[in-house]
Amino acid sequence: MWKNWSGSQTSAAAMANPGTVAQLQSLVRGASGVLRPVGAGHSFTPLVTGSSQILRLDQLERPTVISSRPGRARVNANARLHELSAALGDKGQAFRNLGDINVQTLAGAMSTATHGTGRDMPCIAAEMTSAQLLTGSGDVIEIRGEDLPGVQVSLGLLGILLEIELNTVPAFNLRRRVGVRSFEQLLGQMHNNWTEHRCYEFFLLPHSGKGVQISHDVTEAAPGKSPLDLDALGLQVMKIASALRRVHPALQRQALALMMVLQGEEDYVGESWRVLSSSREMRFNEMEYHLPPEAAEAVLREINSLVETRHPEVWFPIEVRQTAGDSAWLSPFQGGPRVSVAVHMHGGQNYAGFFRDCESIFRAAGGRPHWGKLHGLKRQDLEALYPDLGKFDELRARLDPKDLFLSPALAGLFRP
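If you're wondering where the values come from, they're calculated on a predicted model, not measured in any experiment. (Residues numbered from 1 in each chain as written. Predicted model: local features only at pLDDT ≥ 70, side-chain atom pairs only at ≥ 80, totals over all residues. Heavy atoms only, no water.)

> Describe the sheet that holds strand S16 (residues 266-271), listing the residues and the values that go with them.
Strand order in the open sheet formed by 8 strands is S16-S13-S15-S14-S18-S19-S17-S20, with antiparallel pairing between adjacent strands. In this open sheet, the two strands that pair with only one neighbour each are S16 and strand S20 (368-369). Note: strand S17 (residues 284-291) against strand S19 (residues 338-346), 8 bridges, orientation antiparallel. Looking across to S19, one finds that Tyr289 is bridged to Val341. (Pairing = 2+ DSSP bridges. Helix = DSSP H or I, 4+ residues; strand = E, 2+ residues; numbered from the N terminus.)

In structure tokens, the structure reads:
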């Protein structure tokens with residue numbers, strides 16, 4: 001039984017684990033139902049469920065880094081981000097930017113427009129310059145030029161990514177600074193902080209009136225000793241504080257206030273990929289929408305009010321980031337920068353009502369969803385949000401004419 005990281009999506013479909021491209025081609029050409037490739041399972045959406053067979057690609061014979069030159073590398077599309085980061089670092093190269101989790105495969109991260117944060121930092125998919133793809137006909141082709149914007153963000157609907165060429169930068173160190181600020185400070189200063197820092201994000205902590213901000217800036221300083229990872233401990237305290245609320249709301253506020261005091265300020269230097277990403281041990285489910293920057297403050301105030309007045313059971317932090325625009329046809333960042341607001345609920349909680357209420361706020365503000373995170377969009381919604389959806393439809397019809405990679409859930413979105 002396959003299941004995703006949070007356990008919210010499962011599948012009893014047969015699983016294949018090919019070791020060579022020839023074996024993979026044989027599986028594709030002999031398929032009688034829907035095939036879906038899987039990576040690390042860090043998407044919350046039903047990208048795999050409903051398929052006849054699941055393809056695991058972590059055993060395909062490919063070196064992690066196939067070739068490299070200054071500013072460019074060709075890599076194994078199905079290697080994990082942390083594996084690629086270490087291998088690129090050995091060659092003096094690095095990803096320009098990464099998200100706060102690095103266990104995903106590169107193909108999965110790009111296909112869902114996974115992103116980090118930074119006003120001038122695009123999502124990972126925007127760094128793709130060409131790719132080797134196995135199509136629905138079982139042919140291995142090279143993607144570049146006019147088809148590239150369709151493949152950069154494609155949800156696995158166009159074929160199976162085997163190799164990806166991408167932009168890189170010289171390896172660099174980052175200075176990470178973490179501090180507690182009030183809700184009003186975070187909202188009032190967020191746009192200035194995105195201007196002043198290479199990477200900036202913050203987490204609003206429900207029912208506390210405060211949040212934690214994190215900035216990353218390039219430095220020539222040598223890496224230091226990493227501080228204790230307080231994220232997991234903080235989440236446990238927030239979970240306990242939420243339980244105390246059932247006794248009396250004041251107890252929750254007091255517990256959160258104590259946690260804020262213990263958090264303190266954090267300042268250290270490390271390799272970019274080690275500093276940007278964190279481990280996530282506590283399971284949760286997530287919805288994230290990408291908003292026009294000018295709409296972010298009003299949306300955050302409305303979400304905060306929603307939590308305080310209608311959803312007191314919510315205690316997971318609300319994450320806020322910004323990403324530069326790009327030109328990929330299905331990218332949520334197509335056409336300009338977006339501020340991303342992610343809401344979470346613990347894996348053991350029923351998230352449906354809270355996410356539904358949040359989504360109505362996000363959509364009213366012109367938001368586009370993260371492809372790997374929960375949303376309720378339909379085909380007609382995509383037509384209104386993505387002006388190049390027709391181009392993607394045409395490319396999909398050419399590369400997967402038999403709908404081999406079109407699962408039932410994705411058919412509701414991408415079958416015209």
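What follows continues from the structure just given.
> Describe empty space enclosed by the protein, naming the residues involved and giving the relevant values.
All told, the structure shown has 1 cavity of 30 Å³ or more when counted by the stated rule. Counted as a void, the largest cavity has a volume near 60 Å³. Every residue lining the largest cavity is listed: Asn97, Leu98, Gly99, Asp100, Gly116, Thr117, Glu201, His216, Leu276, Glu319 and Arg321. Of the residues belonging to the lining of the largest cavity, the class tally is 2 nonpolar, 5 polar and 4 charged. (1 Å grid on protein atoms, 1.4 Å probe; cavity = no way out; pocket = protein on both sides within 12 Å on 5 of 7 lines; lining within 4 Å. Points joined across faces, edges and corners; volume = space filled by probe spheres on them. Nonpolar A, V, L, I, M, F, W, Y, C, P; charged D, E, K, R; others polar.)

> Lay out helix H9 (residues 296-309) in plain terms, naming residues and giving numbers.
Given a rise of 1.5 Å per residue, 14 residues ought to cover 20 Å, and the 20 Å separating the end C-alpha atoms of H9 matches this to within 8%. Those residues of H9 lying buried are Ala296, Val299, Leu300, Ile303, Leu306 and Val307. Taken down its axis, H9 places every buried residue within 120° of arc, on the same side. Turned more than 90 degrees away from the buried face of H9, the exposed residues are Ala298 and Thr309. Those residues of H9 that are buried lie in contact with helix H5 (183-196), strand S14 (199-205), S17, strand S18 (318-323), S19 and helix H10 (352-364). (Expected span 1.5 Å × (residues − 1). Buried < 20%, exposed > 50% of the residue type's maximum accessible area, 1.4 Å probe, protein only. Arc of directions from axis to C-beta. Contact = heavy atoms within 4.5 Å.)

> So, the pattern of salt bridges: which residues are in play, and what are the values?
Under the definition given, this model contains 29 salt bridges. One continuous salt-bridge network, built from bridges that share partners, spans Arg62, Arg74, Glu142, Arg144 and Glu163. (Salt bridge = Lys/Arg side-chain N within 4 Å of Asp/Glu carboxyl O.)

> So what's going on with unusual backbone geometry? Which residues, and what values?
Notably, Ala113 is not glycine yet its phi reads approximately 60°, a positive angle. Looking at the secondary structure, you find Ala113 in the loop between helix H3 (106-111) and strand S9 (128-134). By relative accessible area, Ala113 is classed as buried at 0%. Residues other than glycine seldom take positive phi values, yet His207 does so here, at roughly 70°. For His207, the position within the fold is in the loop between S14 and strand S15 (210-219).

> Let's hear about the sheet that holds strand S7 (residues 72-76): which residues, and what values?
The sheet built from 5 strands is open, its strands ordered S6-S7-S11-S9-S10 with antiparallel pairing. Two strands bound the open sheet, and with one partner strand each, they are strand S6 (65-69) and strand S10 (140-143). Recorded for the sheet is a direction-independent mean angle of 10° between the axes of neighbouring strands. Here 6 bridges tie S9 to strand S11 (residues 160-167), and the two strands are oriented antiparallel to one another. Looking at S11, one finds that Met128 is bridged to Leu166. (Axes fitted to C-alpha atoms, helices over the stretch in contact; angles between N-to-C directions.)

> Got a sec to walk through the packing of aromatic side chains? Specific residues and values, please.
In this structure the tally under the stated criterion is 14 aromatic pairs. For the ring pair Trp194 and Tyr200, a centre distance of 6.0 Å and an interplane angle of 85° mean the geometry is edge-to-face. The two residues Trp194 and Tyr200 agree in class, both being buried. What links up through ring pairs into an aromatic cluster is the set Trp5, Phe44, Phe284, Trp315 and Phe316. Here Arg368 stacks its cationic end above the ring of Tyr386, 5.3 Å away from the centre of that ring. (Phe/Tyr/Trp six-rings, centres within 6.5 Å; stacked < 30°, edge-to-face > 60°. Lys NZ or Arg CZ within 6 Å of the ring centre and 35° of its normal.)

> Talk me through the nonpolar core; I want residue IDs and the actual numbers.
Among the nonpolar cores identified, the biggest contains 109 residues, and Phe202, Phe362 and Phe414 are the most heavily contacted of them. Discounting chain neighbours no more than four positions away, the residues touching Phe362 are Met287, Tyr289, Leu291, Val299, Ile303, Val341, Val343 and Gly367. (Core = buried A, V, L, I, M, F, W, Y, C linked by side-chain atoms within 4.5 Å.)

> Account for the environment of Met287, naming residues and giving values.
Considering the arrangement of structural elements, one finds Met287 in strand S17. In this structure, the C-alpha to C-alpha distance between Met287 and Ala409, residues 122 residues apart in sequence, is 17 Å.

> How would you summarise the packing of helix H6 (residues 231-245) against helix H7 (residues 249-263) if you had to cite specific residues and measurements?
Running from amino to carboxyl end, H6 crosses H7 at an angle of 160°, the nearest separation of the two axes being 7 Å. As summarised for this structure, H6 and H7 are arranged roughly antiparallel, according to the angle between their axes. Crossing angle aside, the handedness with which H6 passes H7 is right-handed. Contact residues: Gly234, Val237, Met238, Ala241, Ser242, Leu244 and Arg245 in H6; Pro249, Leu251, Gln252, Ala255, Leu256 and Met259 in H7. Looking at the contact of H6 with H7 residue by residue, the classes come out as 9 nonpolar, 3 polar and 1 charged. (Parallel < 35°, antiparallel > 145°, perpendicular 65-115°, else oblique. Left-handed = near helix turned anticlockwise from the far one by under 90°.)

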